[in-house]
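Chain residues, written in single-letter form:
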Amino acid sequence: MRLSALILDVDGTLAETEEAHRRAFNESFAAAGLGWRWSRETYAGLLRTAGGRERLRAFQSGLPEGERLAADAIAALHRDKTARYREIVAGGGLALRPGVAVLVARARARGLRLAVATTTGRENVETLTAACWGRPAAAVFDAIATGDEVAAKKPAPDVYRLALARLGLAPAACLAVEDSRIGLRAALAAGIATVVTPSAWTRGEDFAGALAVLPSLAALDLGRIAA
Ligand code: XBP
Ligand code: MG
């Protein structure tokens, strides 16, 4: 079946956003008076859990019972973290990963449609497209599926299935682009062929099942895949 659309992951794929997420988490911990601080090493391990709220829950499951926050406090902490993340990204300094802007332009030139399938929330996608393209997300992508819209986050296929439904396309007509093993598993579970471009945080993960593993999306030859 001819290629009709690319479905792109956000964090780690469009841009190296996880350091900004980690900074936002740590700023929200300090503002809440928590003695928590996630080092890069701790965060690298926590990234095996998709979803910031789920990541907070995974982290505190290892703490003594008396140090754990109730569900509503976790939700409030994540809302604060998200507001801080958006400030950090809106403040500038975040660039698209090499090859992303060219890939998007080349896909458009080929008449391909573009979608996003991400674990993060819609507001974070909007902040990133404003920062990196100077445009709202709907002006860059034809369909946007985010983690706050689905019951199960990656590696479950839900967010990719939502992107397919919004595109009105079959999995065989699409190519997914991911940075992580979690994301690769989600796209494959939705039946979508997937190219991986490992991020600074996911290099060395097992990408078995990927159509290709590329250091940069500048190396993605749509001509070969779209043929
Ligand atoms: C990566 C994630 C997200 C971010 C943090 O998303 O797992 O949870 O790490 O963002 P992607 P939130 O699927 O785009 O790689 O705190 O908003 O979840
Ligand atoms: Mg990712």
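These figures come from a predicted structure and were not determined experimentally.

Asks: Please explain the overall build of the protein as it appears in this structure.
Replies: Of the regular secondary structure elements, the protein holds 10 helices and six strands. For the protein, whose C-alpha radius of gyration is 17 Å, the value lies close to the compact-globule estimate of 17 Å for 227 residues. Along the three orthogonal principal directions, the C-alpha set of the protein runs to about 60 × 35 × 30 Å. A total of 227 residues make up the protein; the buried ones form 52% of that total. For the protein, the accessible area works out to roughly 10,000 Å², and carbon and sulfur atoms hold 51% of it. Positive and negative side-chain charges in the protein, numbering 29 and 24 respectively, have mean positions lying 5 Å apart.

Asks: Teacher, can you tell me more about the packing of helix H1 (residues 18–31) against helix H4 (residues 71–90) here?
Replies: As a packed pair, H1 and H4 sit with axes 8 Å apart at the nearest point and diverge in direction by 130°. As the angle between them shows, H1 and H4 are arranged oblique. When the axes of H1 and H4 are compared, the crossing they make is right-handed. Contact residues: Ala-20, His-21, Arg-23, Ala-24, Phe-25, Glu-27, Ser-28, Phe-29 and Ala-31 in H1; Leu-77, His-78, Asp-80, Lys-81, Arg-84, Tyr-85 and Ile-88 in H4. Counted by class, the contact of H1 with H4 contains eight nonpolar, three polar and five charged residues.

Asks: What is the right way to look at the pairing of strand S5 (residues 193–196) in this model?
Replies: Two faces belong to every sheet, and in a regular strand the side chains alternate between them. Pairing of strand S4 (residues 174–178) with S5 involves four bridges; the strand directions are parallel. Opposite Val-177, over in S5, you have Val-195 as the bridge partner. In terms of handedness, the path from S4 via helix H9 (residues 181–189) over to S5 forms a crossover that is right-handed. Where S5 and strand S6 (residues 212–213) come together, two bridges link them in parallel fashion. By the bridge assignment for S6, Val-195 is matched with Ala-212.

Asks: How should I be thinking about the nonpolar core in this particular structure?
Replies: With 35 residues, the main nonpolar core has Leu-6, Leu-8, Leu-14, Leu-128, Trp-133 and Phe-141 as its most contacted residues. Contributions of two or more residues to this core are made by strand S1 (5–8), H1, H4, helix H5 (100–109), strand S2 (113–118), helix H6 (122–133), helix H7 (137–140) and S4. Apart from residues no more than four positions distant in its own chain, Trp-133 is found in contact with Leu-14, Leu-96, Val-100, Val-104, Leu-128, Val-140 and Phe-141. Ala-145, Leu-162, Cys-174 and Ala-187 belong to the second largest nonpolar core, which has 19 residues in total.

Asks: Help me understand the site of ligand 1, please; the structure alone is not making it clear to me.
Replies: Taken together, 18 residues are adjacent to ligand 1, and Glu-18, Gly-52, His-78, Thr-118 and Thr-120 come closest. One nitrogen or oxygen atom from the main chain of Val-10 is found 3.5 Å from an oxygen atom belonging to ligand 1. Contacts to ligand 1 include Thr-120, whose side-chain N or O atom sits 2.6 Å from an oxygen atom. Compared with its free state, where it exposes 440 Å², ligand 1 has 94% of that area covered by protein. Placement of ligand 1 is best described as lying within the largest pocket. Of all the secondary structure elements, the ones that give two or more residues to the shell around ligand 1 are H1, helix H3 (52–60) and H4.

Asks: Whenever I open this one, the coordination of the magnesium ion (ligand 2) confuses me. Can you help?
Replies: When a metal holds four donors in a tetrahedron, each ideal angle between them is 109.5 degrees; when it holds six in an octahedron, the ideal angles are 90 or 180 degrees. Distances from the magnesium ion (ligand 2) to its protein donors, Asp-9 (OD), Asp-11 (O) and Asp-179 (OD), fall at 2.0 to 2.2 Å. Mapped onto the sequence, the donors of the magnesium ion (ligand 2) take the spacing D-x1-D-x167-D.

Asks: Looking at this model, I keep getting lost on H4. Mind explaining?
Replies: Residue pairs three or four apart in sequence face the same way in an α-helix, which turns once every 3.6 residues. For H4, built from 20 residues, the straight-helix expectation of 28 Å at 1.5 Å per residue is met to within 8% by its first-to-last C-alpha distance of 28 Å. The complete set of buried residues in H4 reads Ile-74, Ala-75, Leu-77, His-78, Lys-81, Thr-82, Tyr-85, Ile-88 and Val-89. Down the axis of H4, the sector holding all buried residues measures 160°, keeping them to one side. Exposed residues lying more than 90 degrees from the buried face of H4 are Asp-72, Arg-79, Glu-87 and Ala-90. Taken together, the buried residues of H4 touch H1, H3 and H6.

Cut-offs and rules
Residues numbered from 1 in each chain as written. Chains lettered and ligands numbered in written order. Predicted model: local features only at pLDDT ≥ 70, side-chain atom pairs only at ≥ 80, totals over all residues. Heavy atoms only, no water. Helix = DSSP H or I, 4+ residues; strand = E, 2+ residues; numbered from the N terminus. Rg over C-alpha atoms; globule rule 2.2 N^0.38 Å. Buried < 20%, exposed > 50% of the residue type's maximum accessible area, 1.4 Å probe, protein only. Areas by Shrake-Rupley, 256 points an atom, 1.4 Å probe, with all protein chains shown as cover. Lys, Arg positive; Asp, Glu negative; His and termini not counted. Charge placed at Lys NZ, Arg CZ, Asp CG, Glu CD. Axes fitted to C-alpha atoms, helices over the stretch in contact; angles between N-to-C directions. Parallel < 35°, antiparallel > 145°, perpendicular 65-115°, else oblique. Left-handed = near helix turned anticlockwise from the far one by under 90°. Contact = heavy atoms within 4.5 Å. Nonpolar A, V, L, I, M, F, W, Y, C, P; charged D, E, K, R; others polar. Pairing = 2+ DSSP bridges. Right-handed = clockwise from strand over helix to strand, strands pointing away. Core = buried A, V, L, I, M, F, W, Y, C linked by side-chain atoms within 4.5 Å. Near = heavy atom within 4 Å. Polar contact = N/O pair within 3.5 Å; in protein donor to acceptor, adjacent residues only side chain to side chain. 1 Å grid on protein atoms, 1.4 Å probe; cavity = no way out; pocket = protein on both sides within 12 Å on 5 of 7 lines; lining within 4 Å. Sits in = over half its atoms within 2 Å of the grid points. Donors = N, O, S within 2.8 Å, 3.2 Å for Na, K, Ca; no water. Expected span 1.5 Å × (residues − 1). Arc of directions from axis to C-beta.

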